[in-house]
Structure formats: structure tokens, C-alpha cells
Amino acid sequence: MYGFEALTFNVHGGYLEAIVRGYRSGLLTAADYNNLCQCESLEDIKMHLSATEYGPYLQNEPSPLHTTTIVEKCTLKLVDEYKQMLCQATEPLSTFLEYITYGHMIDNVVLIVTGTLHERDVQELLEKCHPLGMFDSIATLAVAQNMRELYRLVLVDTPLAPYFSECITSEDLDDMNIEIMRNTLYKAYLQDFYRFCQKLGGATSEIMSDILAFEADRRAVNITINSIGTELTRDDRRKLYSNFGLLYPYGHEELAISEDIDQVRGVMEKYPPYQSIFSKLSYGESQMLDKAFYEEEVKRLCLAFEQQFHYGVFFAYMRLREQEIRNLMWISECVAQNQKSRVHDSVVFIF
Amino acid sequence: MESSKNGRESNEEISEKDENILSFLDSMDTYLTLMDSLSSTLRQGWLELASARHSMGASRINSTLLDLKFHRASTTLQVNEQSAGPDRELPHFTLRKWASSNNPEKNFEEAKFGEDELLKIKSNSLRRRDTSQSSEIQARSPESVGTPVSVDDLAQRERSKSLSMFGTLVSPKLRASQVSFETGTVATLFI
């Protein structure tokens, strides 16, 4: 029953909640970002990061450094922490933690399939896959010619199998079909994760429902904006929206027929939680929309730590680390390209 | 009489040399302005690409997704020598942008310039140092296809096609990056 988690949560989840709260205290602060933003080179960034928890992962990297190397090593730290938590988790927390990685699994599947379509070497593609989304038979994806084969040969034995029912066709894989497959899989995954959290009940359900609903709404907006001026029809666009969230169903109907960013703004401003996001943007502009959405997401993720005895803290921590890695990537790119004046365009402070 | 004739000739020589020097300095100024503009455009393009990568994720924008299959170049530059009088040939540039991959003979944005015209366009539009992006070559004669609106639509379609290796639903930042590099290509032609 909701409200009585304090009696039983710590039996199985107390240790790992303490661990994840400890990990959270290692996130970079505003002072760290100020130091990083003043770096003159990637070596300076490496030097500043050596004083943080990323130190051991970067210390042996030879010069010259690349931005992709910094991102890879920081991601390795996240992967190590995730694996440490997963190996100690019991049900249902272990299933919850696995759900967090399914998004990366979908990205990896699409990367392999797209790269194979473009006649790239499989080993090269595997090196670019996200480590959190790896599974045993991932390399076999390269032999599939259509989605039916993709499912039958490889994905039937993976956690993504249930999500394929909506997009199995015998059509050959091409760029449009792959894009629709990506978004259909992600939609099915989000809905499944949402149902799972609802079944868990209690504070986990309350907090995760809010975070996942925001994710679904953000996806709907991004799909709309990215499909403006493309060959994606309105019906196809509507089919890619999730069946939950604040915008479901009326907001989705209006977004499906939007043809420019101002119409999208008109739809979103009817919903009070999103008015503050779009009030930061000027008319016709969409460049800062990503940052505005990330800031809102970080706010909600930080709030998850204000309550105890729920699994939302694990999801929030993973997402906050990913945001931190995005920040480091952006700072590194601005420093490498000698564009430090633009560094605050996309950095989102977490604390 | 002879000395005044010699004086007039030397004045003419001096004035011709002055003109040559002025013309050279003019060209240098134009060249430096163009280089500045190109550098700024390319910096903008690279930053927009990084921004798109930040927005869409590293797995969606990386070099392993580039298409290794054979395909026609969508933008080509042809240089011909054309006669501009007795004992004089000038290079003539033809830039074809966004040629359809289905019908390569159909050029949706074509601009033809002789060297003299290029110099005139440069000196008129790029006299002042300007770090903003240089303007694209406008299609002077849309002789290849119907109305300008259809040219834009088809060019836009070809642009989307070339970005499809990163997916069909890409961020506006990636499209902006593409436009920046396209502008840089045109600026390179001027240089």
C-alpha cells in the first residue's frame, strides 16, 4: 500500500538506494562546470576531470585527446556503476534496472541495421554501440534483410521482442522504414515501462509516471518538429506518438497537423507545465528548445531524490549522469573548436 | 616636344601601374574577406553539427553511418575555358547544386559564371569585411526546370535525401549545419 514503503523497502532496496544516493553526490557541481568552461584545451579538461570521479577513467589516455574519447571514458564509468547496482539487485528492482537500458538497445539495433544498409563493417559498428545496450547476438543483426528476418533471427530472444509486434513487415529495410521502426519500438518500450511502473505502485509509480509522461510528451514534440518538411504523413506521425502523457490524446491530434514551429508552440502553450518551456523561446526559433526540455527534465529528476523508498532514484541517477556526459561532450566540442563563447548554449547545470 | 611626349608616356605608365596595384590590392581585400567569411561559415557549420550530435545523440550522428555505396555527387563544378577575344581565354565556372540522383541531367540549381562576372559580383557584394555568411549564388537562369517554387522544393528534397543516412527525422540543427556547409562550398568557388 502506498505510504507504507518505509516498513519494507529497506529489506531489499535499502542498500542499493544508499549506494545510488552516494553516486549522486559525485555528480559535477556548478563550480566544476565553471572550471571546465574556462579550459583552453582538451588536456586542461582532462586535468580538471582528474580531480573528479572520472579521474581514473581518463588518466591513462594518451595525447592528443579527442572529444569522443572523453565521452567514451565517462560513459564507461556510468556502465560500471550500473553493473554494480544490477548485480546486487533483486526482483523487481533488477527488472526495473534492465528497463532503463532498453532505449540504448533500440539505438544499437538501429545503428547496426543502418550501418549494414550503408555497407559498413560490422566490427566498426559494434565499436560505436552504447555499452548499456549490448546483447549477445547483436552482431547477427547484419544478416537481416527485412524486419521479419530481424525479428526471427535475432530479436525474438531479446527483451525487445514484445515491441516488434507493431512493426513486423516483409518490406526491405530502407531509411524511412528504419526510422519508423526506431520510433515504433521506442513508443512500445515507453508504454511497457510505464505499465510496469504502474504495476509496482506506490511512490515508484507516482514519480516514474510523471517522468515517463514528460518523456513521452517531449518525444511527441521532437517527432513533430523533426518531421516538418519531410515525407512522413500526418497519420504516420500520429502513430509514432505514445498513448500516454499530458498531451494524449488531444494534444497529439493538434501536433499531428502542425506544419511549423509556431503551430507546435501554439499547441504546447495550452498546457501549463510546458508554458514555461516555450516562454523561453522567441517565435520561429527552435534552437534552444532542446536545452529548455533538458532543464525541465533535470528539475524533475532532481525532485525524485527528495523522496525515499522508491525506484525512481535509480532512473533519475542514470539520466542525470547521461545529462552530465552530454554537458562534458558539449564543453569539449566548444573548447576543441575554439568556440568558448557558445559553451553555455547547451550546458544544463544539475545542481 | 620629345620630353613632354616622354613625360606623358611615363605618366601613362605610372597611371597604368597604379591601376594594376589598386586592382591587386582590391583582389587581395576581396580574397581576405572571402577567406574570413568562409572560415566563419565553416566554424558555424561545425558547431551546428556538434549541436546536432548533442541533441540527437552520438549513436545517430557519427562517421560509421556514412554511406559507402556508390552514389552520384549532388553538387558538381565544371570549369571550361572560353574564348574572351583574340589570344585570351577565361575560365568559365558552372556550379550544379542538388542534381537529382534519379535524373542527373536535371539540375535544380545551376549557376554559370565567367571569371569577369565573378570578380564583379565579388567586388560589389563583398567590398566591406563582413564576418557573416556569404550569400549563396542565386540561380541566374532557372532554365532547367519550371517555376522557382518547384526548384526549391526539389532541392529541399535532395537535401533531405542526402541527410537520410542519419535517419529521416533529423534535428533542425543538422539541417542548419548542412546549409552552412553548402554555403561554404559556394564561398570556396568564389575564392
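These numbers come from a predicted model, not from an experiment.

### Focus: the interface of chain B and chain A
Every contact between the two is made by 30 residues of chain B and, on the other side, 39 residues of chain A. Both faces combined, the contact of chain B with chain A buries some 3,200 Å², and carbon together with sulfur accounts for 54% of it. Considering only the side of chain B, the residues that lose the most area to chain A are B:Leu47, B:His54 and B:Leu169, jointly responsible for 25% of the buried surface there. Counting across the interface, chain B meets chain A through 2 salt bridges.

### Some details on the packing of helix α7 (residues 93–117) of chain A against helix α10 (residues 175–200) of chain A
Residue and element names in this part refer to chain A. One way to put it is that α7 packs onto α10 with a least axis distance of 10 Å and a crossing angle of 175 degrees. The orientation of α7 relative to α10 falls into the category roughly antiparallel. Residues that form the contact of α7 with α10 fall into these classes: 18 nonpolar, 3 polar and 4 charged.

### Quick word on the packing of aromatic side chains
Geometrically, a pair of aromatic rings is defined through the distance of the ring centres and the angle of the planes. Residues and elements named next belong to chain A. Per the stated rule, a full pass over the model turns up 21 aromatic pairs over all chains. Between Phe278 and Phe293, the ring centres sit 6.4 Å apart and the planes meet at 85 degrees, which makes this aromatic pair edge-to-face. Here Phe293 lies in helix α16 (residues 289–304) and Phe278 lies in helix α15 (residues 272–279), a separation of 15 residues in the sequence. Assigned by exposure class, Phe278 and Phe293 land together as buried. When the ring centre of Phe305 is taken as reference, the NZ or CZ atom of Arg24 above it lies at 4.8 Å.

### Quick word on helix α14 (residues 261–268) of chain A
All names here are of chain A. Inspection of α14 places Ile261, Val264, Arg265, Val267 and Met268 among the buried residues, and these make up the whole buried set. Within α14, the buried residues cover an arc of 160 degrees as seen down the axis, which keeps them to one side. In this structure, the buried side of α14 is in contact with α11 (202–227), α13 (250–256) and α15. Measuring from the backbone nitrogen of Asp262 back to the side-chain oxygen at the start of α14 gives 3.0 Å, which picks out Asp260 as the cap.

### Section: unusual backbone geometry
Glycine aside, residues mostly have negative phi, and peptide bonds are mostly found in the trans state. All names here are of chain A. For the peptide bond that leads from Glu91 to Pro92, omega is -5 degrees, which places it in the cis range. Looking at where Pro92 falls in the secondary structure, it is placed in the loop between α6 (67–88) and α7. Residues Tyr248 and Pro249 are joined by a peptide bond in cis, for which omega reads 0 degrees. Positionally, Pro249 belongs in the loop between α12 (234–240) and α13. Of note in the backbone geometry, Glu119 takes a positive phi value of approximately 60 degrees without being a glycine. By the secondary structure assignment, Glu119 is in the loop between α7 and α8 (122–128). Even without a glycine there, the phi angle at Asn338 is positive, about 60 degrees. Position of Asn338 relative to the elements: it lies in the segment after α17 (312–336). Residue classification places Asn338 among the exposed residues on the basis of a relative accessible area of 57%.

### Here's the deal with the state of the cysteines
Covalent bonding between the sulfur atoms of two cysteines is what defines a disulfide. Residues and elements named next belong to chain A. In total, this model carries 0 disulfides over all chains according to the counting rule given. Not part of a disulfide, Cys334 finds its nearest cysteine sulfur in Cys37, a span of 8.3 Å. Note on Cys334: relative accessible area 0%, which makes it buried.

### With respect to a nonpolar patch on the surface
The grouping of B:Ile21, B:Leu22, B:Phe24, B:Leu25, B:Met28, B:Tyr31, B:Leu32, B:Met35 and B:Ile191 at the surface amounts to a nonpolar patch, some 840 Å² of accessible area in total. Structurally, B:Met28 can be placed in helix α1 (residues 2–56).

### Thoughts on the nonpolar core
Nonpolar side chains in soluble globular proteins tend to end up buried together. Counting 106 residues, the largest nonpolar core has A:Phe96, A:Phe193 and A:Phe314 as its most contacted members. In terms of residue count, the dominant contributor to this core is α17(A) (14 residues). Setting aside chain neighbours within four positions, we find A:Phe96 in contact with A:Phe193, A:Phe196, A:Cys197, A:Leu200, A:Thr204, A:Met208, A:Tyr311, A:Gly312, A:Phe314 and A:Phe315. With 24 residues, the next largest nonpolar core counts A:Phe214, A:Phe278, A:Leu289 and B:Leu169 among its residues.

### Notes on the environment of A:Ala216
Residues and elements named next belong to chain A. The topology assignment puts Ala216 in helix α11. When the C-alpha atoms of Ala216 and Tyr248 are compared, they prove to be 9.3 Å apart, with 32 residues separating the residues in sequence. Excluding its chain neighbours within four sequence positions, the residues that come into contact with Ala216 are Leu190, Ser242 and Phe244.

### A word on the confidence of the model for chain B
Residue and element names in this part refer to chain B. Chain-level statistics for chain B give a pLDDT mean of 74 and a share of 65% at 70 or above. Summarising per-element confidence for chain B, the mean pLDDT is lowest in helix α2 (residues 115–125) (49) and highest in helix α4 (residues 172–190) (90). Scored below 50 in pLDDT, residues 122–147 shows 53 contacts in the model against residues more than four places distant or in partner chains. Predicted complex metrics record ipTM = 0.90 and pTM = 0.86.

Criteria and cut-off values
- Residues numbered from 1 in each chain as written.
- Chains lettered and ligands numbered in written order.
- Predicted model: local features only at pLDDT ≥ 70, side-chain atom pairs only at ≥ 80, totals over all residues.
- Heavy atoms only, no water.
- Contact = heavy atoms within 4.5 Å.
- Buried area = accessible area lost by both parts, 1.4 Å probe.
- Salt bridge = Lys/Arg side-chain N within 4 Å of Asp/Glu carboxyl O.
- Axes fitted to C-alpha atoms, helices over the stretch in contact; angles between N-to-C directions.
- Helix = DSSP H or I, 4+ residues; strand = E, 2+ residues; numbered from the N terminus.
- Parallel < 35°, antiparallel > 145°, perpendicular 65-115°, else oblique.
- Nonpolar A, V, L, I, M, F, W, Y, C, P; charged D, E, K, R; others polar.
- Phe/Tyr/Trp six-rings, centres within 6.5 Å; stacked < 30°, edge-to-face > 60°.
- Buried < 20%, exposed > 50% of the residue type's maximum accessible area, 1.4 Å probe, protein only.
- Lys NZ or Arg CZ within 6 Å of the ring centre and 35° of its normal.
- Arc of directions from axis to C-beta.
- Polar contact = N/O pair within 3.5 Å; in protein donor to acceptor, adjacent residues only side chain to side chain.
- Disulfide = S-S within 2.5 Å.
- Patch = residues over 30% accessible without salt bridge, like charges linked within 9 Å, V, L, I, M, F, W, Y side chains within 5 Å.
- Areas by Shrake-Rupley, 256 points an atom, 1.4 Å probe, with all protein chains shown as cover.
- Core = buried A, V, L, I, M, F, W, Y, C linked by side-chain atoms within 4.5 Å.
- pLDDT = per-residue confidence, 0-100.

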